[in-house]
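# Reading the structure
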Amino acid sequence: MTVVTLINPNRMKPAVAPIALDYLADSLAAAGHQPEILDLCFSKDWRADVDEYFASHSPDLVGMTVRNTDDCYFASQDFFAPFYKEVVAQIRRGTDAPIVLGGAGLSVAAKGMLEYTGADYAVVGDGEAVLPMLAGGANAASVPGLVYRTQHGFASNAPEWIDLAQVPARSRKWLDSRRYFREGGQAGIETKRGCDGKCTYCADPIGKGSVCRLRPPSHVVAEMNALLEQGIDCFHLCDAEFNMPISHAQAVCREIISSGLAGRIRWYTYASPAPFTDELADLMVRAGCAGIDFGADHGDDVMLRTLGRNFTSEDVRRTAEICHRHGITFMYDLLLGGPGETFDSVSRTINLMKEISPSRVGVSVGVRIYNGTGLANMVRAQGVSTSNPALHGAIEDNDDFLRPMYFISPEIGIGVVDFITALVKDDPRFLHASMDEIDGNYNYNDNGPLVQAIAAGHRGAYWDILRRINEGLPPSVNPPSAEKPGKFNR
Ligand code: B12
């Protein structure tokens, strides 16, 4: 029997559970291997914990999840690879077992991270089939998605996307999910994987595939039940956009309702402003949805087209009206500064948001450039150099965009941050990081106020917890329909 140690090096707070390791441990066990978890998230002294673990365990393979390569937040630009490199070095002190990396963030920068950290392998995409293959001693050249060293440098195999309908319902028994719930306020669950969108900046299709692969709704509900049995009743869906396709979103809601779970749980999700209908809104509310974070990106039609979105500002307006009609707490996430952005398109968007009044508006300025995206190709064609006025962050020696590099339209430049601050500063609906004020904002990378609120009993999506503490509301209750709507949400 092959022993595989699965390591979580993510120490950001509030703590988000590495559900990948829960899923991968199930797959390893099903294939006859023995998974073990070494979770460094809550370690007081992570180096001592690594040493102590390997003093008494001798795995055949070590898997480390790299969920984030950086925090994707212009105001902080926190790059995590130096820390992962230290963790890999610390593991090497205790074992000769090969170290393999995987994860959503890793998948977009697999070769760069492999080289940077000194690990042995990196896996692009799904790990459920690949990790048992590696544990079983498969030849590197035969393992889908594997990036590995050769005599001449690096080689990489094309990923294969697993059929999620064939993966048995998950046990959720390997991580300390209760502690993550106590200290992180939510538990993640996927209802599908992959995205067929064409957004020019988004790396999701690289790490998850460009076809939506659906999980049977009954498996989603079984997983919710497995978590509920552990006292966990508030979830965050891990789909890039829940309503793509809308038929699956409706099927999942119907399954939750018919299973009788709806009154006992609350859940949050990301969604696209379109397609969104009264019927879906009604089903979501009845299935326990407590809030939706719409990745709207923009309110200007030209910018929406430039960003590769397949909806219009009219959809953005209509979806807000539907949410208000159904009493849904909702957020619109904006991504400002993309190619062609002007002060006019920014102020038009902010004004639209004020008018249609989401419960919260997340304002991100600066678009993180990820390798393999349309934006990265455009920037490469322009030239990646400090003389390109659109580029910010780590520009030199960073051709694969591993270190955080951001695009801001030269027409607005960094001055747009103050411009936006002036437009929204007294309006509590807007979550926006001015350059000199990072704390207390909607960066979930070491967010003190959020950690305190969760310790005081708040549960749910972080933007909604921030809203509740800002509006002086108590921790939320189940079912969400028992609550009075928020101040801006009538
Ligand atoms: C839902 C979500 C959130 C939710 C999490 C809710 C919850 N309770 O789980 C919230 C809103 C809290 C959140 C916060 C953040 N997020 Co987020 N999030 C996501 C999202 C949509 C899903 C993540 C997920 O859990 N997927 C499901 C699991 C099963 O997939 P997975 O981890 O990728 O694992 C699979 C494979 O990667 C692989 N795998 C994983 N590990 C390993 C290990 C080995 C050895 C192997 C072989 C394979 C393997 O196998 C797994 C199963 O197939 C992703 C985008 C995406 N579509 O993945 C972004 C994403 C991970 N987030 C991202 C970011 C930046 C953040 C924040 C830093 C944002 C911020 N500044 O606040 C924070 C960080 C929070 C934290 N403490 O880590 C980025 C990371 C980008 C990067 N390159 O680093 C992503 C990719 C989105 C993006 N911008 O493209 N997030």
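Here, the structure is the one placed above.
This report concerns the structure included in the present document. Residue positions are given per chain, counting from 1 as you read along its sequence in written order. In view of the model being predicted, local features appear only for residues whose pLDDT reaches at least 70, and side-chain atom pairs are presented and counted only at 80 or more, with totals across whole chains, interfaces and linings using the full set of residues.

## A look at the overall build of the protein chain
Helical segments are the DSSP runs of H or I of at least four residues, strand segments are the runs of E of at least two, and each set is numbered from the N terminus. Summing up its helical and strand segments, the protein chain has 18 helices and 19 strands in all. Both definitions apply: the radius of gyration is a C-alpha atom measure, and the globule rule equals 2.2 Å times residues to the power 0.38. The C-alpha radius of gyration of the protein chain comes to 22 Å, within 12% of the 23 Å expected for a compact globule of 490 residues. Based on the C-alpha atoms only, the size of the protein chain along its principal axes is roughly 60 × 60 × 40 Å. Think of it this way: build a C-beta for each residue from its backbone, and any pair within 7 Å is a contact. The contacts of the protein chain with a sequence gap of at least 6 include a subset with a gap of at least 24, amounting to 73%.

## Quick notes on the packing of helix α9 (residues 217-228) against helix α10 (residues 246-258)
Each axis is a line fitted through C-alpha atoms, taken for helices only over the stretch in contact, and angles between the N-to-C directions span 0 to 180 degrees. Put simply, α9 and α10 touch, their axes get as near as 9 Å, and they point 50° apart. If you check the angle between α9 and α10, you find them oblique. α10 is crossed by α9, and the crossing has right-handed handedness. Mapping the contact onto sequence places Pro 217, Ser 218, Val 220 and Val 221 in α9 and Ala 251, Val 252, Glu 255 and Ile 256 in α10. We call two directions roughly parallel when the angle between them is under 35 degrees, roughly antiparallel when it is over 145, roughly perpendicular when it lies between 65 and 115, and oblique otherwise. Here is the rule for handedness: rotate from the far helix to the near one, and if that takes an anticlockwise turn smaller than a right angle the crossing is left-handed, while a clockwise turn gives right-handed.

## Description of helix α16 (residues 416-424)
When α16 is considered as a whole, its buried residues turn out to be Val 416, Val 417 and Ile 420. For α16, the arc enclosing every buried residue in end-on projection is 105°, short of the 170-degree limit, so these residues lie on one face. In this structure, α16 carries Asp 418 and Ala 422 as exposed residues pointing more than 90 degrees from its buried face. The burial label depends on the number of other C-beta atoms within 10 Å of a residue's C-beta. Counts of 20 or more mean buried, 12 or fewer mean exposed, and intermediate counts mean partly exposed, with C-beta atoms placed from the backbone. Taken from the helix axis, the directions to the C-beta atoms give the arc we talk about.

## Focus: the packing of helix α3 (residues 81-94) against helix α5 (residues 110-117)
For the pair α3 and α5, interaxial distance at closest approach is 8 Å and the crossing angle is 55°. One element, α3, and the other, α5, form an angle in the oblique class. Regarding α3 and α5, the two cross each other, and that crossing is right-handed. Contacts from Ala 81, Tyr 84, Lys 85 and Val 88 in α3 reach Met 113, Tyr 116 and Thr 117 in α5.

## Regarding the sheet that holds strand β16 (residues 367-368)
Strand pairing requires that DSSP identify at least two bridges connecting the strands. Taken in spatial order, the 3 strands of this open sheet run β16-β18-β17, and their pairing is antiparallel. Each edge of the open sheet is held by one strand with a lone partner, namely β16 and β17 (391-393). Judged from the 2 bridges that link them, β16 and strand β18 (residues 405-407) form a sheet pairing that is antiparallel. Along β18, the bridge assignment pairs Val 367 with Phe 407.

## Considering the environment of Arg 266
Of note, Arg 266 is situated in strand β12 (residues 266-271). C-beta crowding within 10 Å serves as the criterion here: with 26 such atoms nearby, Arg 266 is assigned to the buried category. C-alpha separation for the pair Arg 266 and Gly 460, spaced 194 residues apart in sequence, amounts to 8.0 Å.

## Some remarks on the site of the ligand
The rule is simple: place the C-beta atom from the backbone, and if it lies within 6 Å of a molecule or strand, the residue is near it. Near the ligand there are 45 residues, and of these Gly 63, Gly 102, Gly 105, Gly 127 and Gly 188 occur at the shortest range. Elements with a contribution of two residues or more to the shell around the ligand: α1 (19-30), β3 (61-65), β4 (99-102), α4 (104-108), α6 (130-135), β8 (187-189) and α8 (204-208). All domain edges in this entry derive from an automatic or database-based domain assignment. Split by domain, the residues of the shell around the ligand number at least three in each of domain 1 (3-156) and domain 2 (165-366 + 408-482).

## Topic: the pairing of strand β15 (residues 360-365)
Most of β15 is tucked away: 6 of the 6 residues are buried. Here β15 shows no split at all, with Arg 360, Gly 362 and Ser 364 on one side and Val 361, Val 363 and Val 365 on the other all buried. Sheet topology note: the strand β14 (residues 330-336)/β15 ladder contains 6 bridges and is parallel. Residue pairing in the sheet places Asp 333 in a bridge with Gly 362 of β15. A right-handed crossover is one whose linking path, passing over the helix from the first strand to the second, runs clockwise when the strands point away from the viewer. Of the crossover connections in this fold, the one passing from β14 over helix α14 (residues 343-356) to the parallel β15 is right-handed. With 3 bridges joining them, β15 and strand β19 (residues 430-432) adopt parallel strand pairing. By the bridge assignment, Val 361 is partnered in β19 with Phe 430.

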